[in-house]
Amino acid sequence: MQKSRTLSGVLLASGGAVLWGISGIFGKLLFEGPNAVTPAWLTAVRMLLAGGLLLLYSLARHGDPLAVWRTPSTAIRQILYGVLGLLPVQFFIFWQLITVMPRLQPFYSFWDQS
C-alpha cells in the first residue's frame, strides 16, 4: 500500500512538473500570431478550467464539492488564496513572457553561438 502511494506521488509530482514546464511554451505560442490572446485572458481561462476540474474531482471523490463554502472563515481563506496567491502568480508568469523575455533575447543569442 505504501509503495503504491509513493509511486503515485512521484508520478503526480513528475506530471505536474512537466505540465508546468510546457505551459510557458504553449502560452508563448498563444501570445503570437493573428489570433493572439492576452495574459489576462489566458490566466482567466486556465483558472476557470482548473477550478472546474477540481470541482469534478471533488464531486467524484467526496460527493460534496461546495462544502468548503459553507463555513465563512474557510470561504474567506479560499477567496484570499485565489485572489492574492494564485491569480497574481499565474498572471505575471504569462505577462513576463511577452514583456521581459523579448528584452532578454540578446543574451540568448550570445549563448547560442555554436
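Computed from a predicted structure; not experimentally measured. (Residues numbered from 1 in each chain as written. Predicted model: local features only at pLDDT ≥ 70, side-chain atom pairs only at ≥ 80, totals over all residues. Heavy atoms only, no water.)

Novice: Please give an account of the overall build of the chain that cites residues and values.
Specialist: If you tally the helices and strands in the chain, you get four helices and zero strands. Ordering the α and β elements of the chain from the N terminus gives α-α-α-α. The C-alpha atoms of the chain give a radius of gyration of 19 Å, which is well past the 13 Å a tight globule of 114 residues would have. Principal axes of the C-alpha set define a box for the chain whose edges measure 55 × 35 × 25 Å. Expressed as a percentage of its 114 residues, the buried residues of the chain come to 13%. Taking all contacts inside the chain whose residues are at least 6 apart in sequence as the whole, residues at least 24 apart take part in 52%. (Helix = DSSP H or I, 4+ residues; strand = E, 2+ residues; numbered from the N terminus. Rg over C-alpha atoms; globule rule 2.2 N^0.38 Å. Buried < 20%, exposed > 50% of the residue type's maximum accessible area, 1.4 Å probe, protein only. Contact = heavy atoms within 4.5 Å.)

Novice: Could you give an account of the layout of surface pockets, naming the residues involved and the relevant values?
Specialist: Counted as a void, the largest pocket has a volume near 1,200 Å³. Met47, Ala50, Gly51, Leu54 and Leu86 are the residues nearest the centre of the largest pocket, which is lined by 31 residues in total. Elements supplying a minimum of two residues to the lining of the largest pocket: α1 (2-31), α2 (39-62) and α3 (72-99). In terms of residue count, the dominant contributor to the lining of the largest pocket is α1 (10 residues). Class assignment of the residues belonging to the lining of the largest pocket gives a composition of 21 nonpolar, nine polar and one charged. (1 Å grid on protein atoms, 1.4 Å probe; cavity = no way out; pocket = protein on both sides within 12 Å on 5 of 7 lines; lining within 4 Å. Points joined across faces, edges and corners; volume = space filled by probe spheres on them. Nonpolar A, V, L, I, M, F, W, Y, C, P; charged D, E, K, R; others polar.)

Novice: Please give an account of the side chain of Thr43 that cites residues and values.
Specialist: For Thr43, the location among the structural elements is in helix α2. Exposure remark for Thr43: the relative accessible area of 2% places this residue in the buried category. Not counting chain neighbours up to four residues away, the residues in contact with Thr43 comprise Leu87, Gln90, Phe91 and Phe94.

Novice: Explain the side chain of Ser23 to me, and be specific about the residues and the numbers.
Specialist: Secondary-structure assignment places Ser23 in helix α1. Residue classification places Ser23 among the buried positions, given a relative accessible area of 16%. Ser23 has contacts with Arg46 and Phe94, leaving out every residue within four places of it along the chain.

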